[in-house]
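In case you want the letters, here they are:
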Amino acid sequence: MKKIKKILLAALVIQFGCSLFAQTNLKDIIPSEIYEQVISEGAYKQFNQDNDNDYHVLPDCEYSDLIRSNRVPSDGTKMIAEQVYVVKKADLKKTRSYENGEPDIKDAAEVFTSLSKMKDVVYYSNTRRKDMLLYKIVSYIESLENPVEKKDLKLREADGVTDYFQMHDASFGLNHFSVKYHQNDNTLYVNVMNLDDMGFAGVKGVRAKDLIINYLIIDCGDNFVLYLGTDIKVMKVPGMKTKITKSYNARLTAIYNWFKLQF
């Protein structure tokens, strides 16, 4: 009986230690000024005011400085959008088994290297005032010179991988992008850049290489911290900044909702 009690006590100590470790990780990673809100509400969203070109709520990790250095040109009209989420693994859909019993960063890498599944992303269209599919086409391509669709990479180890993909957006139409992956034991960083001009209804609003999207996923034990950030330089077209601001707010939220369903 004493032996059983000791085993149970040891198990409780280990469990408590793991929970404490996960909580400590969250507090170390999420910026202190938004920590309480993110923990209580699960999310924080921010759009910068005019002439404010900094990332303010970027979680602290190995790739934070790299994200800060990957910027679009600073001249002109800029827009920075950031969203931070705490995603409880217990709330994920979980349609399969996992190597470690729960989804980990390798599973997150597999999600973000299976881009064709983004065709299931649903977003709220501010123009049409309804939920609708965001993308008609999402696929990796052979190259910019030969934009033929190819299969998903579907990698569990994606560090150092660079590739190209195409995306037919409900508002922006067909565009091509570069994508770069960085990964370590508990963090995945995905960097996306547009490679051709973008706009609404034939009116160009963002030039090639003036849009950067950052996806950052950090494994914190019982939770993932998900950071979504855009850095956009907008052309001086009446009403364009307002349209793009609304569009990317909806798009980042849609990617978060899609992410939760991929496990």
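Everything below is about the structure printed above this text.
Treat the numbers as computed from the prediction; the structure is a model and nothing was measured.

Attention shifts here to the pairing of strand β4 (residues 130–133). Note: strand β3 (residues 122–125) against β4, 4 bridges, orientation antiparallel. Opposite Ser125, over in β4, you have Lys130 as the bridge partner. A loop of 4 residues connects β3 with β4, the two strands running antiparallel in sequence, and Arg129 in this loop sits at a positive phi of about 55 degrees.

Turning next to empty space enclosed by the protein. With the rule as written, the count across this model stands at 1 cavity of 30 Å³ or more. If you add up the space inside the largest cavity, you get close to 220 Å³. Breaking the lining of the largest cavity down by element, the ones donating at least two residues are β7 (162–169), β8 (173–183), β9 (187–194), β12 (211–219) and α5 (240–260).

In total, this model carries 14 salt bridges according to the counting rule given. Among the salt bridges present, the one from Asp163 reaches Lys150, with a minimum N-O distance of 3.1 Å. Here Lys150 lies in strand β6 (residues 149–150) and Asp163 lies in strand β7, a separation of 13 residues in the sequence. For Asp163, a relative accessible area of 9% gives the class buried.

Our focus in this paragraph is the layout of surface pockets. What the largest pocket holds in volume is close to 280 Å³. Considering the residues around the largest pocket, the lining is formed by 15 residues, among which Asn126, Thr127, Phe200, Lys243 and Ser247 are closest to the centre. Of all the secondary-structure elements, those providing two or more residues to the lining of the largest pocket are β3 and α5. Tallying contributions element by element places α5 first for the lining of the largest pocket, with 5 residues. In the lining of the largest pocket, the residues fall into 5 nonpolar, 6 polar and 4 charged. The calculated volume of the second largest pocket comes to roughly 230 Å³. Taken together, 14 residues make up the lining of the second largest pocket; nearest its centre are Asn100, Asp104, Ile105, Asp185 and Asp219. Of the residues assigned to the lining of the second largest pocket, the class counts are 2 nonpolar, 5 polar and 7 charged.

So, on to the packing of aromatic side chains. Here the structure, examined in full by the defined rule, presents 9 aromatic pairs. An angle of 5 degrees between the planes, with centres 3.7 Å apart, marks the rings of Tyr85 and Tyr256 as stacked. In this pair, Tyr85 sits in strand β2 (residues 77–88) while Tyr256 sits in helix α5, placing the two residues 171 residues apart along the sequence. Judged on exposure class, the residue Tyr85 and its partner Tyr256 are both buried. Put simply, the rings of Phe112, Tyr215, Phe224, Trp258, Phe259 and Phe263 pair up and form one aromatic cluster. Over the aromatic face of Tyr55 sits the side chain of Arg71, whose NZ or CZ is 4.3 Å from the ring centroid.

Attention now goes to helix α4 (residues 105–112). Counting buried positions over the 8 residues of α4 gives 7, a clear majority of the element. Buried within α4 are the following residues: Ile105, Asp107, Ala108, Ala109, Glu110, Val111 and Phe112. Along its buried surface, α4 packs onto β5 (135–141), β8, β9, β12, β13 (223–234) and α5.

What counts as what
- Residues numbered from 1 in each chain as written.
- Predicted model: local features only at pLDDT ≥ 70, side-chain atom pairs only at ≥ 80, totals over all residues.
- Heavy atoms only, no water.
- Pairing = 2+ DSSP bridges.
- Helix = DSSP H or I, 4+ residues; strand = E, 2+ residues; numbered from the N terminus.
- 1 Å grid on protein atoms, 1.4 Å probe; cavity = no way out; pocket = protein on both sides within 12 Å on 5 of 7 lines; lining within 4 Å.
- Points joined across faces, edges and corners; volume = space filled by probe spheres on them.
- Salt bridge = Lys/Arg side-chain N within 4 Å of Asp/Glu carboxyl O.
- Buried < 20%, exposed > 50% of the residue type's maximum accessible area, 1.4 Å probe, protein only.
- Nonpolar A, V, L, I, M, F, W, Y, C, P; charged D, E, K, R; others polar.
- Phe/Tyr/Trp six-rings, centres within 6.5 Å; stacked < 30°, edge-to-face > 60°.
- Lys NZ or Arg CZ within 6 Å of the ring centre and 35° of its normal.
- Contact = heavy atoms within 4.5 Å.

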